[in-house]
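# Structural description and commentary
Given next are the chains, with one letter for each unit.
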Amino acid sequence: MSYQLLEKTFYRLSQIDHAISMLGWDQQVMMPPGGNGSRGRALAELQVMSTEIMQSQQLQEAMADAESQSGNLEDWQQANLREMVSDIRAANAVPADLVEALAITTNDCEHAWRSLRQENNWQDFEPLLQKVFRLKREKAQALKSALGDEKGYENDYDALLDLYDPGTRMQRIDPVFAQLKAELPVLLQQVTQRQDSEPPPVQQGTAIAQDRQIELARELMAILGIDFNRCRLDVAAHPFSGGVSDDSRITSRYDEADVLGGLMAIIHESGHSRYETGLNRDWRFMPVGTSMGMGVHESQSLFFEMQLGRSKPFIEAIAPLVRKHAGEDPAFDAENMHRLCTHVEPGLIRVNADEVTYPLHVILRYELERDLILGRAEVKDIPARWDATMQDYLDLDTTGNYRDGPMQDIHWPSGSIGYFPSYTLGAMTAAQLHHAMVQAIPDAPAMISRLELQPVFDWLSESIWQKGRLLNYDELMTEATGEKLNPDHFLNHLRSRYL
């Protein structure tokens, strides 16, 4: 039967994706720098192999036949067929030679970015980034041309958004971001005025060696439900979580003068891992059994980090654990740790930003990459646009500081254009999910204070993890929370926590 042929093919594709994921992890963690060229070619070839499988005539015929007989399938199989068809059509919209060119170009650009950023060298970085954006424009145009009517893309950038957050379009993002741009500056002023009236939190005063921080991280990860039989922790320049459900890879970076920063990164990446390892095992290797886009993925990591990890009950509960590994520094008093973890201050670096200012970092990047894809701006305009917007949104100057300005993120050199909105959509999703979770489990804060976290994980598993891509985003949110995405939950969370 044609549907079974599709399942068999997507099983093969999932094994190739597993190999790509592991090679990518090794590239970030273990590979010597001189191996980058060879690794880039290997990754590009695997991506071309996947594309050629998806573009085969046999698969096209099986897809059409399976669609004509879909009434005979179970509900989950119908959802799986829907996702397979979507993936096949997207793969057929982009020529294999463009897939290969993008893989090699982004690999080279990302590798160069690692050293050029350290050198603050925008001059040599700019032409490499120009190639990435040129090819991403070509991909966006190809997707819009082939799928625009079917998918409802109003422009080329919509096609890139859809790759990371299925169903998300500019028309959804723009009003939400406009609301945040209007309300966050007022909230920021109120929060900083309140903070200024209080003594500042005590900063960490003693250096804590990396090996001690890793011991602390592993013990905390176990509390968060990480199974080290299916997961490992390593060091990388940029924290990330990858791998597959039975082979999860978490990485972080450590600063001897900032234990809490590293700890929050670990909690964040653990949220990604718990989602990936918590997916429905009955649907393994099938599209319906994969994660529901990066906005939902980020919602799980931000639920762990922001809603759970920076909450007062959780910090009070883990304070003895922190002191066990990091010593009796006054900074590690529970009350002081909470104040450090909820301190609000505009800064240049997105990944270090607090909850209140973080969305403004995302909106800056969204507006820039959107205009670059739509032809309203060019790569050479990025530094001036970046500085003007940072001045406007956060009253910060980045003139000539490319390292801490437009070169700080890995996303553009690696080709992840259309990804940035997922962070703030994820933050809003996390706040709405947390609100619904507390409604469903009124004793949750008391349970968290005792580190009895299993009821929270069970609720997330039932509401999000086990659903995979069975539903679309709006359906998922409505089933879990009773309504579609509502930014008011995020703003109310910020007001409750910081005011």
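Residues numbered from 1 in each chain as written. Predicted model: local features only at pLDDT ≥ 70, side-chain atom pairs only at ≥ 80, totals over all residues. Heavy atoms only, no water.

## Concerning the sheet that holds strand β2 (residues 241-244)
Across the sheet, which stays open at both edges, the three strands sit in the order β1-β3-β2 with mixed pairing between neighbours. The two strands at the open ends of the sheet, each matched to only one other strand, are β1 (231-235) and β2. The sheet shows a mean angle of 20 degrees between the axes of neighbouring strands, direction not considered. Note: β1 against strand β3 (residues 247-252), five bridges, orientation parallel. Opposite Asp234, over in β3, you have Thr251 as the bridge partner. This element, helix α1 (residues 2-29), spans β1, β2 and β3 of the sheet and lies at about 25 degrees to β3. (Pairing = 2+ DSSP bridges. Helix = DSSP H or I, 4+ residues; strand = E, 2+ residues; numbered from the N terminus. Axes fitted to C-alpha atoms, helices over the stretch in contact; angles between N-to-C directions. Contact = heavy atoms within 4.5 Å.)

## With respect to unusual backbone geometry
Its identity as a non-glycine residue notwithstanding, Asn120 has a phi of 60 degrees, on the positive side. Structurally, Asn120 can be placed in the loop between α5 (96-118) and α6 (122-151).

## What to know about the nonpolar core
It is characteristic of soluble globular proteins that their nonpolar side chains tend to be buried jointly. Counting 110 residues, the largest nonpolar core has Phe314 and Trp412 as the members making the most contacts within it. Apart from the residues within four sequence positions on either side, Trp412 is in contact with Leu129, Val132, Phe133, Arg365, Leu368, Glu369, Ile382, Trp386, Pro406, Ile417 and Phe420. In this structure, Phe10, Leu46, Met54 and Met63 belong to the second largest nonpolar core, which totals 24 residues. (Core = buried A, V, L, I, M, F, W, Y, C linked by side-chain atoms within 4.5 Å. Buried < 20%, exposed > 50% of the residue type's maximum accessible area, 1.4 Å probe, protein only.)

## A few points about the packing of helix α10 (residues 259-277) against helix α11 (residues 293-309)
At a closest axis distance of 8 Å, the pairing of α10 and α11 adopts a crossing angle of 135 degrees. One element, α10, and the other, α11, form an angle in the oblique class. The way α10 lies across α11 gives a crossing that is right-handed. Side by side, α10 and α11 meet where Met264, Ile267, His268, Ser270, Gly271, His272, Arg274, Tyr275 and Glu276 of the first sit next to Val296, His297, Glu298, Gln300, Ser301, Leu302, Phe304, Glu305 and Gly309 of the second. For the contact of α10 with α11, the per-class residue count stands at six nonpolar, eight polar and four charged. (Parallel < 35°, antiparallel > 145°, perpendicular 65-115°, else oblique. Left-handed = near helix turned anticlockwise from the far one by under 90°. Nonpolar A, V, L, I, M, F, W, Y, C, P; charged D, E, K, R; others polar.)

## Things to note about the pairing of β2
Bridge analysis of β2 against β3 gives four bridges, and the strand direction is antiparallel. Bridging across to β3, Val244 finds its partner in Asp247. The antiparallel hairpin formed by β2 and β3 contains two residues in its connecting segment.

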